Amino acid sequence: MMTISNKQNAENNRQWLLAARPQGAPKLSDFNFVETDIPTPKEGEVLLRTVYLSLDPYMRGRMNDAKSYAEPVAIDEVMVGGTVCRVAESNHPDYEVGEWILSYSGWQDYSISNGAGLLKLGKEPTKPSYALGVMGMPGMTAYMGLLDIGQPKAGETVVVAAATGAVGSMVGQIAKIQGCNVIGIAGGEKKCRSAVEDLGFDACIDHKAPDFAEQLAKACDAGIDVYYENVGGKVFDAVLPLLNPKARVPLCGLISQYNATSLPEGPDRLSMLMGTLLTKRIKMQGFIVFDDYGDRYDEFSQAMSKWLQEGKINYREHLIDGLENTVESFIGLLEGKNFGKLVMQVGPEAL
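Every chain is numbered on its own, with residues counted from 1 as its sequence reads. Given that the model is predicted, a residue must reach a pLDDT of at least 70 before its local features are reported, and side-chain atom pairs must reach 80 or more before they are shown or counted; all residues, however, enter totals for whole chains, interfaces and linings. Processing note: side-chain calculations cover all non-hydrogen atoms of the structure and skip hydrogens and water entirely.

(A) Region of the structure containing the pattern of salt bridges. One side-chain nitrogen of Lys or Arg within 4 Å of one carboxyl oxygen of Asp or Glu is enough to make a salt bridge. Taken as a whole and assessed by the stated rule, the structure comprises 14 salt bridges. In this structure, the salt-bridge partner of Glu99 is Lys120, at a minimum N-O distance of 3.4 Å. A residue pair is termed long-range when its members are at least 10 positions apart, and Glu99 in the loop between strand 4 (83–90) and strand 5 (100–103) and Lys120 in strand 7 (residues 119–122) qualify at 21 residues. Partly exposed describes any residue whose relative accessible area lies between the buried limit of under 20% and the exposed limit of over 50%, with all areas from a 1.4 Å probe on protein chains only and scaled to the type maximum. You can call Lys120 partly exposed: its relative accessible area is 41%. Where Glu310 meets Lys306, a salt bridge forms, and the shortest distance between an N and an O atom there is 2.6 Å. Using a relative accessible area of 38% as the deciding quantity, one classes Glu310 as partly exposed. Using a relative accessible area of 44% as the deciding quantity, one classes Lys306 as partly exposed. A single salt-bridge network, built from bridges that share partners, covers Arg14, Asp109 and Glu324. Numbering of helices and strands starts at the N terminus; helices are DSSP runs of H or I of at least 4 residues and strands are runs of E of at least 2.

(B) Quick peek at helix 10 (residues 326–334). Counting buried positions over the nine residues of helix 10 gives eight, a clear majority of the element. Among all positions in helix 10, only Thr326, Val327, Ser329, Phe330, Ile331, Gly332, Leu333 and Leu334 are buried. Any two residues having at least one pair of non-hydrogen atoms within 4.5 Å are treated as being in contact. Residues of helix 10 that are buried make contact with strand 1 (12–18), strand 2 (31–37), strand 3 (46–54), helix 1 (58–62), strand 14 (317–321) and strand 15 (341–345). Where helix 10 terminates, the next one or two residues include Gly336, which has phi positive at roughly 80°.

(C) Region of interest: the confidence of the model for the chain. The predictor reports its confidence for every residue as pLDDT, a score running from 0 up to 100. In the predicted model, the chain carries a mean pLDDT of 91, and the fraction of residues at 70 or more is 94%. Every residue in residues 1–6 scores below 50 in pLDDT, and together they form 13 contacts with partners more than four places removed in sequence or on other chains.

(D) Focus on the packing of helix 2 (residues 137–150) against helix 3 (residues 168–177). Lines fitted to the C-alpha atoms define the axes, with helices restricted to the stretch that makes contact. Angles between their N-to-C directions range from 0 to 180 degrees. Contact geometry of helix 2 with helix 3 gives a least axis separation of 8 Å together with a crossing angle of 45°. One finds that helix 2 runs oblique with respect to helix 3. The crossing of helix 2 and helix 3 is right-handed. Here Gly139, Ala142, Tyr143, Leu146 and Leu147 of helix 2 lie close against helix 3, whose contacting residues are Met170, Val171, Ile174 and Ala175. Grouping the amino acids of the contact of helix 2 with helix 3 by side-chain chemistry returns eight nonpolar, one polar and no charged. Any angle from 65 to 115 degrees is called roughly perpendicular, while one under 35 is roughly parallel, one over 145 is roughly antiparallel, and all others are oblique. We call a crossing left-handed when the near helix sits turned anticlockwise from the far one by less than a right angle, and right-handed when that turn is clockwise. Three residue categories are used. Nonpolar comprises Ala, Val, Leu, Ile, Met, Phe, Trp, Tyr, Cys and Pro, charged comprises Asp, Glu, Lys and Arg, and polar comprises the others, including Gly.

(E) Seen up close, unusual backbone geometry. One non-glycine residue, Ala162, lies in positive phi territory at about 50°. Residue placement: Ala162 occurs in the loop between strand 8 (157–161) and helix 3. At Arg281, a residue that is not glycine, the phi angle is positive and equals roughly 55°. Locating Arg281 in the fold gives a position in the loop between helix 7 (270–279) and strand 13 (283–286).

(F) Examining the nonpolar core more closely. Put simply, buried Ala, Val, Leu, Ile, Met, Phe, Trp, Tyr and Cys residues joined by side-chain atoms within 4.5 Å make one nonpolar core. Residues Val134, Leu146, Ile174 and Met304 are the most contacted members of the largest nonpolar core, which totals 36 residues. Going through the elements one at a time, helix 2, strand 8, helix 3, strand 9 (181–186), helix 4 (189–197), strand 11 (224–228), helix 8 (289–293) and helix 9 (297–309) are the ones with two or more residues in this core. Broken down by element, this core gets its largest block of residues, six residues, from helix 2. Those residues within four positions of Ile174 in sequence are excluded, and the remaining contacts are Ala142, Tyr143, Leu146, Leu147, Met304, Trp307 and Ile313. Within the second largest apolar cluster, 23 residues are counted, among which are Leu216, Cys220, Val235 and Leu243.

So, in structure tokens, the structure goes:
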């Protein structure tokens, strides 16, 4: 590994490359931190300088050489990730130097684009990093999964795990806007308290508590009508028997299983799950938000912008400075150490 500086500069392009496919939890040696020359845009291209980088659980799956909804990251290639960038140089008629751009340029300082897949954020967005969170993929995942698949009705009980995370925190607040009784699940007293006091949840249960399942059953004494699934594991084991007939289960993630190298120990739960889905006529549906709902971004954007302006959504961003800290921060994300939407500040906002 090269010795490199920890600050963006005008001469180097720092990059995190995938060096090996992690076995279990990712570790620092699975990545290489390297310096390359800053690329030069050709005719019809722009040079983007990364300001903010989003870290999200789905990235763990992209490190595996397995068939999925997206191709895995190749060994010695830059790790993928959503970014908010500024146009540093432009040879493209549709882009001016200084514009803010939502891109997918990954774990690096600079990238080249021909304009495909870029979303303009304007020249002076108020909070540009929000495009990676509440106004971006996590917010839209919460909105579409809950409202289109979950279809909550006023008075129903909605349960969401990872309740203070980027997606879960939005799910619970949107459910409250719909008039639902909202129960969160989070790790630790601090997060549970924040879910109630800051996000307006009716209750939040600590999944680390030895009597977690009992506490959840007590809080959901009328059963669960919508369970927004993004964790899996022991949390879903506690939720399953509480699901009401015709409950809906939007499935956007299974973070508790992302580092698993084998099936969990214990009895085979598949028959119990299938039997419950059948006898209670439960709807469980997985989704990939931009694949399934990309054409509805404007609908989401208008609704979320309105709720933010009206003070109905409380958004928490966990900002960490320095591209050099990305791997450590990502490992912490998978361990639940972040508090809110995890975003890396890669470089300064000013040009």
